[in-house]
Amino acid sequence: MKRSRSCDVVVVGAGMAGLTAARELRRAGREVLVLEARDRVGGRTLSKTLDNGVVIDLGGQWVAPTQTRVMRLVDEFKVDIFKTYTAGDSMLLFEGEVIRRSGSFPFKDKESLDDIRQCMEKLEVLAASVPLDAPWTHPDAIRLDNITFAQWIEENTTTDFSRFFFNWYAPAVFSVNSSELSALHAAFYFGAAGGVALVTSTEGGGQDSRFHKGFQELSLRLAEELGDAICLSSPVSLIEQGESKAIVHTDHMTVEADRVVVAMPPTLSGRIRYNPPMPASRDALIQRMPMGTAIKTMIRYSSPFWRELGLSGMVISQADIPQLVFDNSPDDGSCGILLLFCEGGAARRWGACSSMEREAAMLEVLVKCFGEQARNYEEIIEKYWVEEEFSRGCYAGTMPPGVWTTLGESLRKPVGRIHWAGTETATSWNGYVEGAVQSGERVTQEVIDAQG
Ligand SMILES: Cc1cc2nc3c(=O)[nH]c(=O)nc-3n(C[C@H](O)[C@H](O)[C@H](O)COP(=O)(O)OP(=O)(O)OC[C@H]3O[C@@H](n4cnc5c(N)ncnc54)[C@H](O)[C@@H]3O)c2cc1C
(Lines give C-alpha, C1' and ligand atoms only; values in the text may rest on other atoms or scores of the structure.)
Protein backbone atom coordinates (compact mmCIF):
# COMPACT_ATOMS: atom_id res chain seq x y z
CA MET A 1 0.00 0.00 0.00
CA LYS A 2 1.27 3.44 -0.92
CA ARG A 3 1.21 6.14 1.70
CA SER A 4 -1.09 9.10 0.80
CA ARG A 5 -0.33 12.65 1.77
CA SER A 6 -1.53 16.09 0.78
CA CYS A 7 -0.15 19.62 0.81
CA ASP A 8 -0.50 22.91 -1.07
CA VAL A 9 2.58 22.59 -3.28
CA VAL A 10 4.80 19.61 -4.06
CA VAL A 11 8.36 20.52 -5.07
CA VAL A 12 10.12 17.80 -7.08
CA GLY A 13 13.90 18.00 -6.65
CA ALA A 14 15.98 19.26 -3.70
CA GLY A 15 18.76 21.03 -5.59
CA MET A 16 19.24 24.73 -4.92
CA ALA A 17 16.25 25.59 -7.16
CA GLY A 18 13.81 23.27 -5.40
CA LEU A 19 15.05 24.13 -1.92
CA THR A 20 14.76 27.86 -2.63
CA ALA A 21 11.25 27.42 -4.01
CA ALA A 22 10.21 25.34 -0.99
CA ARG A 23 11.60 27.90 1.44
CA GLU A 24 9.98 30.86 -0.31
CA LEU A 25 6.63 29.10 -0.69
CA ARG A 26 6.66 28.24 3.02
CA ARG A 27 7.43 31.85 3.81
CA ALA A 28 4.38 32.77 1.71
CA GLY A 29 2.24 30.53 3.91
CA ARG A 30 2.03 27.43 1.69
CA GLU A 31 2.31 23.92 3.07
CA VAL A 32 5.09 22.34 1.03
CA LEU A 33 6.49 18.84 0.53
CA VAL A 34 9.80 18.31 -1.29
CA LEU A 35 10.31 14.96 -3.03
CA GLU A 36 13.97 14.24 -3.80
CA ALA A 37 15.16 11.19 -5.74
CA ARG A 38 18.59 10.93 -4.12
CA ASP A 39 19.40 10.13 -0.52
CA ARG A 40 20.86 13.63 -0.16
CA VAL A 41 20.01 17.24 -1.00
CA GLY A 42 22.09 19.57 -3.18
CA GLY A 43 21.76 18.00 -6.65
CA ARG A 44 24.67 19.27 -8.74
CA THR A 45 26.41 20.64 -5.63
CA LEU A 46 28.21 17.83 -3.81
CA SER A 47 30.95 18.37 -1.26
CA LYS A 48 33.35 15.68 -0.06
CA THR A 49 35.91 15.44 2.71
CA LEU A 50 39.31 14.20 1.53
CA ASP A 51 41.44 11.75 3.58
CA ASN A 52 43.29 14.69 5.18
CA GLY A 53 40.07 16.42 6.30
CA VAL A 54 40.02 19.12 3.58
CA VAL A 55 36.60 19.64 2.00
CA ILE A 56 36.36 19.85 -1.81
CA ASP A 57 33.48 20.21 -4.25
CA LEU A 58 32.83 17.54 -6.84
CA GLY A 59 30.03 19.67 -8.31
CA GLY A 60 29.57 23.47 -8.32
CA GLN A 61 32.30 25.22 -6.37
CA TRP A 62 32.83 28.87 -7.32
CA VAL A 63 30.78 31.95 -6.53
CA ALA A 64 31.08 35.40 -8.10
CA PRO A 65 30.53 38.72 -6.29
CA THR A 66 27.77 39.57 -8.78
CA GLN A 67 25.85 36.40 -7.91
CA THR A 68 23.87 38.40 -5.41
CA ARG A 69 21.34 35.76 -4.41
CA VAL A 70 24.03 33.22 -3.49
CA MET A 71 26.03 35.92 -1.74
CA ARG A 72 22.93 36.80 0.32
CA LEU A 73 22.69 33.17 1.46
CA VAL A 74 26.41 33.19 2.26
CA ASP A 75 25.82 36.20 4.52
CA GLU A 76 22.61 34.87 6.03
CA PHE A 77 24.08 31.48 6.94
CA LYS A 78 27.45 33.02 7.88
CA VAL A 79 29.23 30.59 5.59
CA ASP A 80 32.96 31.19 5.02
CA ILE A 81 34.23 31.74 1.50
CA PHE A 82 37.74 32.58 0.27
CA LYS A 83 39.36 33.93 -2.88
CA THR A 84 40.64 31.55 -5.57
CA TYR A 85 44.46 31.48 -5.69
CA THR A 86 45.72 33.35 -8.76
CA ALA A 87 49.26 34.58 -7.98
CA GLY A 88 52.01 33.53 -10.39
CA ASP A 89 52.39 32.60 -14.04
CA SER A 90 50.01 30.47 -16.06
CA MET A 91 50.86 27.80 -18.62
CA LEU A 92 49.73 26.89 -22.10
CA LEU A 93 50.23 23.43 -23.58
CA PHE A 94 49.89 23.92 -27.33
CA GLU A 95 51.26 21.88 -30.24
CA GLY A 96 53.38 19.87 -27.80
CA GLU A 97 55.06 22.97 -26.38
CA VAL A 98 54.69 24.44 -22.90
CA ILE A 99 54.45 28.24 -22.90
CA ARG A 100 54.67 30.17 -19.64
CA ARG A 101 53.08 33.63 -19.33
CA SER A 102 52.58 36.12 -16.53
CA GLY A 103 48.93 36.63 -15.57
CA SER A 104 45.98 34.32 -15.91
CA PHE A 105 45.79 34.05 -19.69
CA PRO A 106 48.61 32.08 -21.32
CA PHE A 107 48.34 33.17 -24.97
CA LYS A 108 50.50 31.92 -27.85
CA ASP A 109 51.62 35.17 -29.51
CA LYS A 110 50.65 38.83 -29.85
CA GLU A 111 48.83 38.37 -33.15
CA SER A 112 46.49 35.73 -31.76
CA LEU A 113 46.04 37.66 -28.53
CA ASP A 114 44.81 40.67 -30.53
CA ASP A 115 42.50 38.42 -32.51
CA ILE A 116 41.10 36.85 -29.33
CA ARG A 117 40.51 40.34 -27.91
CA GLN A 118 38.60 41.58 -30.97
CA CYS A 119 36.51 38.38 -31.03
CA MET A 120 35.77 38.65 -27.30
CA GLU A 121 34.60 42.23 -27.84
CA LYS A 122 32.20 41.10 -30.59
CA LEU A 123 30.90 38.33 -28.35
CA GLU A 124 30.48 40.82 -25.51
CA VAL A 125 28.39 43.15 -27.71
CA LEU A 126 26.33 40.23 -28.99
CA ALA A 127 25.72 38.88 -25.48
CA ALA A 128 24.55 42.28 -24.26
CA SER A 129 22.03 42.46 -27.12
CA VAL A 130 20.09 39.28 -26.22
CA PRO A 131 16.69 39.77 -24.52
CA LEU A 132 17.26 37.39 -21.63
CA ASP A 133 13.65 36.51 -20.97
CA ALA A 134 12.94 35.85 -24.67
CA PRO A 135 16.12 35.22 -26.72
CA TRP A 136 13.97 34.24 -29.73
CA THR A 137 12.89 37.90 -30.06
CA HIS A 138 16.47 39.08 -30.80
CA PRO A 139 16.40 40.89 -34.18
CA ASP A 140 18.94 38.39 -35.57
CA ALA A 141 17.59 35.40 -33.63
CA ILE A 142 16.86 33.10 -36.57
CA ARG A 143 20.31 33.45 -38.12
CA LEU A 144 22.10 33.14 -34.78
CA ASP A 145 20.02 30.14 -33.78
CA ASN A 146 20.57 28.41 -37.12
CA ILE A 147 24.34 28.39 -36.74
CA THR A 148 26.47 26.62 -34.20
CA PHE A 149 28.82 28.48 -31.89
CA ALA A 150 31.62 26.74 -33.87
CA GLN A 151 30.44 28.47 -37.05
CA TRP A 152 30.26 31.81 -35.27
CA ILE A 153 33.85 31.30 -34.04
CA GLU A 154 35.00 30.43 -37.56
CA GLU A 155 33.40 33.61 -38.92
CA ASN A 156 34.88 35.86 -36.25
CA THR A 157 38.49 34.71 -35.80
CA THR A 158 41.52 34.84 -38.09
CA THR A 159 44.38 32.89 -36.45
CA ASP A 160 44.77 29.16 -35.73
CA PHE A 161 45.42 29.84 -32.08
CA SER A 162 42.36 32.05 -31.57
CA ARG A 163 40.23 29.34 -33.24
CA PHE A 164 41.79 26.74 -30.96
CA PHE A 165 41.16 29.01 -27.98
CA PHE A 166 37.44 29.62 -28.60
CA ASN A 167 36.82 25.98 -29.51
CA TRP A 168 38.60 25.04 -26.28
CA TYR A 169 36.68 27.69 -24.35
CA ALA A 170 33.22 26.36 -25.41
CA PRO A 171 33.49 23.02 -23.56
CA ALA A 172 35.15 24.77 -20.63
CA VAL A 173 32.03 26.93 -20.25
CA PHE A 174 29.23 24.73 -21.60
CA SER A 175 30.73 21.22 -21.28
CA VAL A 176 29.66 20.54 -24.87
CA ASN A 177 31.71 21.15 -28.02
CA SER A 178 31.27 24.44 -29.87
CA SER A 179 29.57 22.45 -32.66
CA GLU A 180 26.85 21.25 -30.30
CA LEU A 181 25.23 24.52 -29.23
CA SER A 182 23.66 27.39 -31.13
CA ALA A 183 25.38 30.75 -31.36
CA LEU A 184 22.20 32.30 -29.93
CA HIS A 185 22.43 30.08 -26.87
CA ALA A 186 26.08 30.98 -26.33
CA ALA A 187 25.23 34.70 -26.57
CA PHE A 188 22.24 34.27 -24.23
CA TYR A 189 24.32 32.39 -21.66
CA PHE A 190 27.04 35.02 -21.56
CA GLY A 191 24.42 37.76 -21.45
CA ALA A 192 22.66 36.10 -18.52
CA ALA A 193 25.93 36.11 -16.58
CA GLY A 194 26.46 39.82 -17.24
CA GLY A 195 29.02 39.31 -20.00
CA VAL A 196 31.84 37.14 -21.31
CA ALA A 197 34.44 38.79 -19.08
CA LEU A 198 32.45 37.89 -15.97
CA VAL A 199 32.13 34.24 -17.02
CA THR A 200 35.83 34.01 -17.87
CA SER A 201 37.44 35.90 -15.01
CA THR A 202 38.62 34.54 -11.73
CA GLU A 203 39.01 37.80 -9.77
CA GLY A 204 35.57 39.45 -9.67
CA GLY A 205 34.09 36.86 -12.07
CA GLY A 206 32.63 33.36 -12.16
CA GLN A 207 35.68 31.76 -10.49
CA ASP A 208 36.19 34.42 -7.80
CA SER A 209 35.66 32.53 -4.53
CA ARG A 210 35.16 29.11 -2.99
CA PHE A 211 33.50 27.70 0.11
CA HIS A 212 35.61 26.51 3.05
CA LYS A 213 33.15 23.75 3.85
CA GLY A 214 31.91 23.24 0.29
CA PHE A 215 29.06 24.73 -1.76
CA GLN A 216 26.69 21.97 -0.67
CA GLU A 217 26.60 23.61 2.75
CA LEU A 218 24.02 26.08 1.44
CA SER A 219 21.69 23.23 0.43
CA LEU A 220 22.23 21.49 3.76
CA ARG A 221 21.35 24.66 5.64
CA LEU A 222 18.19 25.20 3.59
CA ALA A 223 17.27 21.55 4.13
CA GLU A 224 17.80 21.89 7.89
CA GLU A 225 15.28 24.71 7.91
CA LEU A 226 12.77 22.71 5.86
CA GLY A 227 13.13 19.68 8.18
CA ASP A 228 10.66 16.86 7.59
CA ALA A 229 9.08 18.68 4.65
CA ILE A 230 11.82 16.96 2.62
CA CYS A 231 11.40 13.29 1.65
CA LEU A 232 14.69 11.81 0.41
CA SER A 233 15.04 8.67 -1.74
CA SER A 234 11.71 9.50 -3.36
CA PRO A 235 12.08 9.60 -7.15
CA VAL A 236 8.91 10.93 -8.74
CA SER A 237 7.70 8.66 -11.54
CA LEU A 238 4.31 10.09 -12.50
CA ILE A 239 2.43 13.38 -12.18
CA GLU A 240 -1.29 13.32 -12.81
CA GLN A 241 -3.37 16.44 -13.21
CA GLY A 242 -7.10 16.75 -12.69
CA GLU A 243 -9.43 19.75 -12.66
CA SER A 244 -9.02 20.52 -8.99
CA LYS A 245 -5.67 18.98 -8.03
CA ALA A 246 -2.47 17.26 -9.07
CA ILE A 247 -1.30 13.88 -7.78
CA VAL A 248 2.42 13.16 -7.59
CA HIS A 249 3.55 9.54 -7.44
CA THR A 250 6.71 7.93 -6.08
CA ASP A 251 7.17 4.18 -5.52
CA HIS A 252 5.99 4.49 -1.94
CA MET A 253 3.82 7.57 -1.80
CA THR A 254 1.15 9.62 -3.54
CA VAL A 255 0.83 13.29 -2.72
CA GLU A 256 -2.17 15.42 -3.60
CA ALA A 257 -1.50 19.12 -4.13
CA ASP A 258 -2.89 22.24 -5.70
CA ARG A 259 0.39 22.92 -7.59
CA VAL A 260 3.60 21.09 -8.47
CA VAL A 261 7.03 22.67 -8.98
CA VAL A 262 9.39 20.48 -11.04
CA ALA A 263 12.89 21.77 -10.18
CA MET A 264 15.42 19.86 -12.29
CA PRO A 265 17.13 19.98 -15.68
CA PRO A 266 14.53 19.90 -18.50
CA THR A 267 15.82 16.62 -19.91
CA LEU A 268 15.38 14.90 -16.52
CA SER A 269 11.83 16.25 -16.30
CA GLY A 270 11.28 14.17 -19.45
CA ARG A 271 11.95 10.99 -17.49
CA ILE A 272 8.82 11.59 -15.42
CA ARG A 273 5.51 10.38 -16.90
CA TYR A 274 2.64 12.84 -17.10
CA ASN A 275 -1.08 12.20 -17.30
CA PRO A 276 -2.37 13.90 -19.36
CA PRO A 277 0.84 13.85 -21.41
CA MET A 278 2.82 17.04 -21.92
CA PRO A 279 1.78 19.31 -24.80
CA ALA A 280 3.78 18.62 -27.96
CA SER A 281 5.94 21.76 -27.69
CA ARG A 282 7.04 21.02 -24.10
CA ASP A 283 7.67 17.38 -24.95
CA ALA A 284 9.74 18.36 -27.99
CA LEU A 285 11.74 20.87 -25.94
CA ILE A 286 12.71 18.40 -23.25
CA GLN A 287 13.93 15.96 -25.89
CA ARG A 288 16.24 18.66 -27.24
CA MET A 289 18.12 20.06 -24.22
CA PRO A 290 20.95 17.60 -23.58
CA MET A 291 23.15 17.83 -20.51
CA GLY A 292 26.83 18.52 -21.07
CA THR A 293 29.57 16.07 -20.11
CA ALA A 294 32.37 16.76 -17.64
CA ILE A 295 34.86 14.82 -15.57
CA LYS A 296 36.10 16.79 -12.58
CA THR A 297 39.26 15.42 -10.96
CA MET A 298 41.19 16.60 -7.94
CA ILE A 299 44.75 15.54 -7.18
CA ARG A 300 46.08 16.23 -3.69
CA TYR A 301 49.77 16.79 -2.89
CA SER A 302 51.51 17.37 0.43
CA SER A 303 51.99 21.04 -0.58
CA PRO A 304 51.14 23.41 -3.45
CA PHE A 305 54.69 22.92 -4.81
CA TRP A 306 53.97 24.79 -8.08
CA ARG A 307 53.59 28.02 -6.10
CA GLU A 308 57.29 27.80 -5.17
CA LEU A 309 58.04 27.69 -8.91
CA GLY A 310 56.16 30.99 -9.34
CA LEU A 311 53.17 29.24 -10.96
CA SER A 312 49.49 29.86 -10.34
CA GLY A 313 48.57 26.27 -11.19
CA MET A 314 46.44 27.46 -14.12
CA VAL A 315 46.98 25.46 -17.33
CA ILE A 316 45.15 25.76 -20.64
CA SER A 317 45.84 22.51 -22.44
CA GLN A 318 45.33 21.29 -25.97
CA ALA A 319 45.49 17.73 -24.65
CA ASP A 320 42.09 16.10 -24.33
CA ILE A 321 42.57 15.41 -20.66
CA PRO A 322 42.94 17.65 -18.78
CA GLN A 323 41.86 20.65 -20.82
CA LEU A 324 42.02 23.05 -17.90
CA VAL A 325 43.83 23.02 -14.56
CA PHE A 326 43.31 25.24 -11.49
CA ASP A 327 44.96 25.52 -8.10
CA ASN A 328 42.22 24.24 -5.81
CA SER A 329 44.22 24.11 -2.57
CA PRO A 330 42.58 25.07 0.72
CA ASP A 331 42.88 28.71 1.72
CA ASP A 332 45.63 28.01 4.29
CA GLY A 333 47.75 26.13 1.72
CA SER A 334 48.07 23.24 4.20
CA CYS A 335 48.15 20.90 1.21
CA GLY A 336 48.22 21.36 -2.56
CA ILE A 337 45.26 20.41 -4.72
CA LEU A 338 45.12 20.63 -8.50
CA LEU A 339 41.69 20.66 -10.12
CA LEU A 340 41.55 19.15 -13.60
CA PHE A 341 38.65 19.43 -16.04
CA CYS A 342 37.85 17.26 -19.02
CA GLU A 343 34.73 18.43 -20.85
CA GLY A 344 32.48 17.98 -23.88
CA GLY A 345 33.41 15.40 -26.55
CA ALA A 346 36.74 14.71 -24.84
CA ALA A 347 34.90 13.81 -21.61
CA ARG A 348 32.66 11.41 -23.54
CA ARG A 349 35.76 9.73 -25.03
CA TRP A 350 37.70 9.61 -21.78
CA GLY A 351 34.62 8.59 -19.81
CA ALA A 352 34.72 5.32 -21.73
CA CYS A 353 38.29 4.64 -20.52
CA SER A 354 39.34 3.30 -17.14
CA SER A 355 40.21 5.68 -14.31
CA MET A 356 43.80 4.36 -14.48
CA GLU A 357 44.04 5.36 -18.15
CA ARG A 358 42.64 8.79 -17.35
CA GLU A 359 45.05 9.21 -14.45
CA ALA A 360 48.07 8.25 -16.57
CA ALA A 361 47.12 10.77 -19.29
CA MET A 362 46.51 13.55 -16.77
CA LEU A 363 49.79 12.96 -14.96
CA GLU A 364 51.69 13.22 -18.26
CA VAL A 365 50.30 16.73 -18.77
CA LEU A 366 50.98 17.76 -15.18
CA VAL A 367 54.56 16.50 -15.37
CA LYS A 368 55.12 18.49 -18.58
CA CYS A 369 53.87 21.65 -16.89
CA PHE A 370 55.04 21.27 -13.27
CA GLY A 371 57.85 18.70 -13.41
CA GLU A 372 58.32 15.19 -12.00
CA GLN A 373 57.03 16.25 -8.58
CA ALA A 374 53.55 16.12 -10.09
CA ARG A 375 53.71 12.31 -9.93
CA ASN A 376 54.02 12.28 -6.15
CA TYR A 377 50.40 12.79 -5.23
CA GLU A 378 48.72 11.58 -2.07
CA GLU A 379 45.11 11.26 -3.17
CA ILE A 380 43.13 11.46 -6.38
CA ILE A 381 39.37 11.74 -6.68
CA GLU A 382 37.25 12.10 -9.79
CA LYS A 383 33.58 12.58 -10.61
CA TYR A 384 32.01 11.71 -13.95
CA TRP A 385 28.63 13.40 -13.77
CA VAL A 386 27.06 11.44 -16.63
CA GLU A 387 27.04 8.43 -14.31
CA GLU A 388 24.75 10.20 -11.83
CA GLU A 389 21.28 8.84 -12.53
CA PHE A 390 19.57 12.02 -11.36
CA SER A 391 21.87 14.49 -13.16
CA ARG A 392 22.93 12.60 -16.31
CA GLY A 393 25.62 15.20 -16.95
CA CYS A 394 26.50 18.80 -16.24
CA TYR A 395 27.13 21.68 -15.94
CA ALA A 396 23.68 22.32 -17.36
CA GLY A 397 21.29 21.56 -20.20
CA THR A 398 22.20 23.34 -23.45
CA MET A 399 20.26 24.53 -26.50
CA PRO A 400 21.51 23.07 -29.80
CA PRO A 401 20.71 25.03 -33.01
CA GLY A 402 17.06 25.74 -33.72
CA VAL A 403 15.70 25.10 -30.24
CA TRP A 404 15.44 28.60 -28.75
CA THR A 405 13.60 29.99 -31.77
CA THR A 406 11.17 27.11 -32.23
CA LEU A 407 10.53 25.84 -28.69
CA GLY A 408 12.03 28.41 -26.31
CA GLU A 409 8.65 29.68 -25.16
CA SER A 410 7.90 26.32 -23.54
CA LEU A 411 10.91 26.50 -21.22
CA ARG A 412 9.15 28.24 -18.33
CA LYS A 413 5.50 28.15 -19.45
CA PRO A 414 3.47 26.25 -16.82
CA VAL A 415 1.49 23.23 -17.98
CA GLY A 416 -1.75 23.27 -16.03
CA ARG A 417 -0.78 22.91 -12.36
CA ILE A 418 2.85 22.13 -13.12
CA HIS A 419 5.49 24.88 -12.91
CA TRP A 420 9.13 24.61 -14.00
CA ALA A 421 12.24 25.65 -12.09
CA GLY A 422 15.95 24.79 -12.23
CA THR A 423 18.96 26.76 -13.37
CA GLU A 424 18.17 26.03 -17.03
CA THR A 425 15.07 28.25 -16.69
CA ALA A 426 17.00 31.22 -15.27
CA THR A 427 17.62 34.59 -16.88
CA SER A 428 20.45 35.46 -14.49
CA TRP A 429 23.56 33.27 -14.42
CA ASN A 430 21.77 30.47 -16.29
CA GLY A 431 23.60 27.20 -15.63
CA TYR A 432 25.00 28.33 -12.27
CA VAL A 433 23.76 28.01 -8.68
CA GLU A 434 22.76 31.68 -8.83
CA GLY A 435 20.43 30.78 -11.71
CA ALA A 436 18.98 27.90 -9.70
CA VAL A 437 18.17 30.26 -6.81
CA GLN A 438 16.68 32.85 -9.18
CA SER A 439 14.47 30.17 -10.73
CA GLY A 440 13.27 29.12 -7.26
CA GLU A 441 12.27 32.70 -6.49
CA ARG A 442 10.60 33.20 -9.88
CA VAL A 443 8.57 30.00 -9.66
CA THR A 444 7.36 30.92 -6.17
CA GLN A 445 5.85 34.14 -7.48
CA GLU A 446 4.37 32.25 -10.42
CA VAL A 447 2.63 29.76 -8.09
CA ILE A 448 1.35 32.53 -5.83
CA ASP A 449 -0.02 34.45 -8.83
CA ALA A 450 -1.63 31.30 -10.24
CA GLN A 451 -3.36 30.60 -6.92
CA GLY A 452 -4.75 34.14 -6.91
C1 LIG B 1 31.13 19.56 -11.96
C2 LIG B 1 30.25 20.76 -11.82
C3 LIG B 1 30.82 22.01 -11.68
C4 LIG B 1 30.03 23.15 -11.56
N5 LIG B 1 30.63 24.36 -11.27
C6 LIG B 1 29.84 25.38 -10.86
C7 LIG B 1 30.41 26.51 -10.21
O8 LIG B 1 31.62 26.56 -9.98
N9 LIG B 1 29.58 27.53 -9.83
C10 LIG B 1 28.22 27.46 -10.03
O11 LIG B 1 27.50 28.40 -9.65
N12 LIG B 1 27.65 26.39 -10.62
C13 LIG B 1 28.41 25.34 -11.01
N14 LIG B 1 27.86 24.21 -11.50
C15 LIG B 1 26.42 24.20 -11.83
C16 LIG B 1 25.53 24.15 -10.58
O17 LIG B 1 25.97 23.14 -9.73
C18 LIG B 1 24.08 23.95 -11.02
O19 LIG B 1 23.71 25.00 -11.89
C20 LIG B 1 23.08 23.97 -9.86
O21 LIG B 1 23.51 23.22 -8.78
C22 LIG B 1 21.74 23.48 -10.39
O23 LIG B 1 20.77 23.46 -9.37
P24 LIG B 1 19.28 23.00 -9.71
O25 LIG B 1 18.54 22.99 -8.43
O26 LIG B 1 18.75 23.81 -10.82
O27 LIG B 1 19.42 21.51 -10.29
P28 LIG B 1 20.01 20.22 -9.60
O29 LIG B 1 21.08 20.58 -8.65
O30 LIG B 1 20.33 19.27 -10.68
O31 LIG B 1 18.78 19.66 -8.75
C32 LIG B 1 17.79 18.83 -9.31
C33 LIG B 1 17.36 17.85 -8.24
O34 LIG B 1 16.29 17.06 -8.75
C35 LIG B 1 16.48 15.72 -8.33
N36 LIG B 1 15.72 14.85 -9.23
C37 LIG B 1 15.98 14.52 -10.51
N38 LIG B 1 15.01 13.70 -10.99
C39 LIG B 1 14.11 13.53 -9.99
C40 LIG B 1 12.89 12.80 -9.85
N41 LIG B 1 12.38 12.08 -10.85
N42 LIG B 1 12.22 12.84 -8.66
C43 LIG B 1 12.71 13.58 -7.63
N44 LIG B 1 13.87 14.27 -7.70
C45 LIG B 1 14.55 14.26 -8.86
C46 LIG B 1 17.97 15.53 -8.41
O47 LIG B 1 18.41 14.43 -7.63
C48 LIG B 1 18.48 16.87 -7.88
O49 LIG B 1 18.66 16.84 -6.48
C50 LIG B 1 28.61 23.04 -11.63
C51 LIG B 1 28.03 21.79 -11.76
C52 LIG B 1 28.82 20.65 -11.83
C53 LIG B 1 28.17 19.31 -11.86
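**Thoughts on the packing of aromatic side chains**
Throughout the structure, instances matching the rule amount to 28 aromatic pairs. Measuring from centroid to centroid gives 5.7 Å for Phe-174 and Phe-190, while their planes differ by 75 degrees, and the two rings are edge-to-face. In this pair, Phe-174 is assigned in helix α6 (residues 160-174) and Phe-190 in helix α7 (residues 183-192), connecting sequence segments 16 residues apart. Like Phe-174, the residue Phe-190 is buried in the burial classification. Judged by centre distance (4.9 Å) and plane angle (65 degrees), the rings of Phe-188 and Trp-404 are edge-to-face. Highlighted residues: Phe-188 in helix α7 and Trp-404 in helix α15 (residues 403-407), separated in sequence by 216 residues. Of the two residues, Phe-188 and Trp-404, both sit in the buried class. The ring of Phe-107 carries the charged tip of Arg-101 above its face, separated from the ring centre by 4.3 Å. If you follow Arg-307 out to its NZ or CZ, it ends over the ring of Tyr-85, 3.6 Å from the centre.

**A few points about the packing of helix α3 (residues 110-128) against α7**
Put simply, α3 and α7 touch, their axes get as near as 8 Å, and they point 80 degrees apart. In terms of orientation, α3 and α7 fall into the roughly perpendicular class. Contacts between α3 and α7 involve Leu-123, Leu-126 and Ala-127 from the first element and Ala-187, Phe-190 and Gly-191 from the second. Within the contact of α3 with α7, the residues separate by chemical class into five nonpolar, one polar and no charged.

**Notes on the domain arrangement of the protein chain**
Split by domain assignment, the protein chain resolves into domain 1 (3-43 + 216-289 + 401-451), domain 2 (48-58 + 205-212 + 292-387) and domain 3 (109-198). Taking the mean C-alpha position of each, domain 1 and domain 3 sit 31 Å from one another. Between domain 1 and domain 3, the residue contacts involve 15 residues of the former and 20 residues of the latter. In total, domain 1 and domain 3 occlude about 1,400 Å² of area from one another, counting both sides; carbon and sulfur atoms represent 64% of this. Linking domain 1 with domain 3 are zero salt bridges, by the criterion used here.

Calculation notes
Residues numbered from 1 in each chain as written. Predicted model: local features only at pLDDT ≥ 70, side-chain atom pairs only at ≥ 80, totals over all residues. Heavy atoms only, no water. Phe/Tyr/Trp six-rings, centres within 6.5 Å; stacked < 30°, edge-to-face > 60°. Helix = DSSP H or I, 4+ residues; strand = E, 2+ residues; numbered from the N terminus. Buried < 20%, exposed > 50% of the residue type's maximum accessible area, 1.4 Å probe, protein only. Lys NZ or Arg CZ within 6 Å of the ring centre and 35° of its normal. Axes fitted to C-alpha atoms, helices over the stretch in contact; angles between N-to-C directions. Parallel < 35°, antiparallel > 145°, perpendicular 65-115°, else oblique. Contact = heavy atoms within 4.5 Å. Nonpolar A, V, L, I, M, F, W, Y, C, P; charged D, E, K, R; others polar. Domains from an automatic or database assignment. Buried area = accessible area lost by both parts, 1.4 Å probe. Salt bridge = Lys/Arg side-chain N within 4 Å of Asp/Glu carboxyl O.

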